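# Examination of the molecular architecture
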Amino acid sequence: MGGVLSGIRVVEQGTFITGPCAGMMLADLGADVIKVESPEGDPYRSYQGEHYSPHFQAYNRNKRSIAFDLKDPSERSVFNGLVTEADVFIQNFRPGTAERLGAGHEQLCALNPRLIYGSISGFGSSGPYADRPSYDSVAQALSGFLSVVVDSSRPRFLGPALADAITGIYAAYGVLGALVQRGRTGEGCLVEVSMLEAMAHFAIEPFAAFFALGNTPTSSDRPRLAQAYILRTADSRLIAIHLSSLEKFWDGLVAALSAPELASDERFSLRTARIANYEALNVELDRRFSQHGLSHWVERLESNDVPMHDQSIDEVIMTASRA
């Protein structure tokens with residue numbers, strides 16, 4: 001898949017994450033992505049790492065870069081030349097900023113009618129929030145996404161910049177569709193993606209259930225329905241298991257635990273009953289898993305084909321923090 005966009009040129013005038021992520025996704029597929037920066041560079045360049053910080057590297061691989069002062073007529077001429085030869089342009093400025101820089105949709109498409117113009121914003125180009133600044137945490141909160149992934153008694157933001165990255169991926173997805181359309185019509189178009197819409201769509205399942213069934217989503221819904229558990233073993237390690245909707249995984253867990261009494265317990269005999277009694281089953285599993293160490297349970301679960309994560313979650317967290 002690496003070369004499917006070979007021959008496609010992208011001019012990306014993005015900073016931080018959303019725009020650069022969209023450009024990087026296209027670069028990964030073989031597009032020639034030219035990152036346009038101000039003379040000072042993308043602010044992410046110097047964030048905790050001089051001019052090539054790990055944060056910048058994470059979203060800017062496979063690109064070329066050039067710096068322009070668009071107030072300088074000669075440099076603007078070179079920028080316009082790049083746009084004239086480009087297939088795609090991507091920016092993630094607040095509404096109105098691109099126009100002030102001479103890089104708005106109408107301005108650039110007048111130079112190149114075949115241009116796919118990708119515009120990424122916090123809340124879209126119109127509406128009551130259009131002029132507000134938006135960052136990852138704002139989109140996580142306002143979209144309602146946090147309400148379905150965090151404990152309401154102690155709400156906190158997720159560690160990774162999930163909203164930023166997801167918005168960039170959706171933008172790349174939109175650009176790919178626009179390129180297909182241009183192949184049919186020969187005309188460019190505007191692709192608008194907002195962080196608010198991207199995050200609301202990303203959590204579409206709980207929201208769809210709310211409108212269809214009237215059930216207010218909570219952070220425990222998904223693990224309860226998926227029958228997913230994080231359990232502590234006798235040696236204070238953690239193991240994650242996922243029983244899903246296939247009865248064979250429950251049967252495998254019962255066999256791994258050597259606990260036929262669980263299968264005959266009316267609270268757990270059916271999947272719907274296990275969902276209704278999620279907390280009670282969690283207590284039963286906690287008690288049993290605390291009787292042996294991690295290696296014992298890894299062997300037992302593997303031999304009975306139970307989906308699980310065979311590394312201590314504590315170790316995963318420590319590994320990630322060291323990375």
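As shown above, the structure is provided for reference.
These numbers come from a predicted model, not from an experiment. (Residues numbered from 1 in each chain as written. Predicted model: local features only at pLDDT ≥ 70, side-chain atom pairs only at ≥ 80, totals over all residues. Heavy atoms only, no water.)

### Concerning the nonpolar core
- Of all hydrophobic cores here, the largest spans 23 residues; its most connected members are L253, L285 and F289.
- For this core, the secondary-structure elements that each account for two or more residues are β7 (228-232), β8 (238-242), α11 (247-257), α14 (278-289) and α15 (294-303).
- Counting residues per element, this core draws most heavily on α11, which supplies 6 residues.
- Apart from the residues within four sequence positions on either side, L285 is in contact with Y229, L231, I241, L253, L257 and L262. (Core = buried A, V, L, I, M, F, W, Y, C linked by side-chain atoms within 4.5 Å. Buried < 20%, exposed > 50% of the residue type's maximum accessible area, 1.4 Å probe, protein only. Helix = DSSP H or I, 4+ residues; strand = E, 2+ residues; numbered from the N terminus. Contact = heavy atoms within 4.5 Å.)

### A word on the packing of helix α1 (residues 18-28) against helix α7 (residues 162-185)
- Running from N to C, α1 and α7 cross one another at 50 degrees; their axes reach a closest spacing of 7 Å. What the angle tells us is that α1 and α7 run oblique. Regarding α1 and α7, the two cross each other, and that crossing is right-handed. Contacts from T18, C21, A22, M25 and L26 of α1 reach α7 at D164, A165, T167, G168, I169, A171, A172, V175 and L176.
- In the contact of α1 with α7, the residues fall into 10 nonpolar, 3 polar and 1 charged. (Axes fitted to C-alpha atoms, helices over the stretch in contact; angles between N-to-C directions. Parallel < 35°, antiparallel > 145°, perpendicular 65-115°, else oblique. Left-handed = near helix turned anticlockwise from the far one by under 90°. Nonpolar A, V, L, I, M, F, W, Y, C, P; charged D, E, K, R; others polar.)

### Concerning the sheet that holds strand β9 (residues 308-309)
- Read from one edge of the open sheet, 3 strands run β7-β8-β9, paired in antiparallel fashion. Bordering the open sheet on either side are β7 and β9, each of which pairs with just one other strand.
- Looking at chain direction, β7 and β8 are connected through 5 bridges and run antiparallel. In the strand pairing of β8, L231 is matched with I239.
- Contacts between α14 and the sheet are confined to β7 and β8, with β7 contributing the most and set at about 35 degrees to the helix.
- Helix-sheet contacts for α15 involve β8 and β9, and the interaxial angle to β8 is about 15 degrees. (Pairing = 2+ DSSP bridges.)

### As for α11
- Within the span of α11, buried status applies to F249, W250, G252, L253, V254, A256 and L257.
- Those residues of α11 that are buried are in contact with β8, α12 (260-264), α13 (271-276), α14 and α15.
- Looking one or two residues past α11, S258 carries a phi angle of roughly 50 degrees, positive in sign.

### Focus on the pairing of strand β5 (residues 116-121)
- Counting buried positions along β5 yields 6 of 6 residues, so the element is predominantly enclosed.
- Bridge count for strand β4 (residues 88-91) against β5 is 4 bridges, and the pairing is parallel. Directly across from Q91, in β5, lies its bridge partner S119.
- Relative to strand β6 (residues 189-194), β5 is paired through 6 bridges, and the arrangement is parallel. Bridged to S119 within β6 is E192.

### Re the packing of aromatic side chains
- All chains considered together, the criterion is met by 11 aromatic pairs.
- Seen in terms of ring centroids, F79 and F89 are 6.3 Å apart; in terms of plane orientation they differ by 80 degrees. Their pairing is edge-to-face. Placement of the pair is F79 in helix α3 (residues 73-85) and F89 in strand β4, with a sequence separation of 10 residues. Comparing F79 with F89 shows no difference in burial state: the two are buried.
- Considering the side-chain rings of F210 and F211, the 5.2 Å spacing of their centres and the 70 degrees angle between planes classify their relative orientation as edge-to-face.
- Here F210 falls in the partly exposed class, since its relative accessible area comes to 35%.
- In this structure F211 comes out as exposed when scored by relative accessible area, which is 71%.
- Joined through ring pairs, the aromatic side chains of F68, F79, F89 and Y117 make up one cluster.
- Positioned above the aromatic ring of Y129, the side-chain terminus of R132 is 3.9 Å from the ring centre. (Phe/Tyr/Trp six-rings, centres within 6.5 Å; stacked < 30°, edge-to-face > 60°. Lys NZ or Arg CZ within 6 Å of the ring centre and 35° of its normal.)

Functional significance is not addressed by these values, which are geometric in nature.
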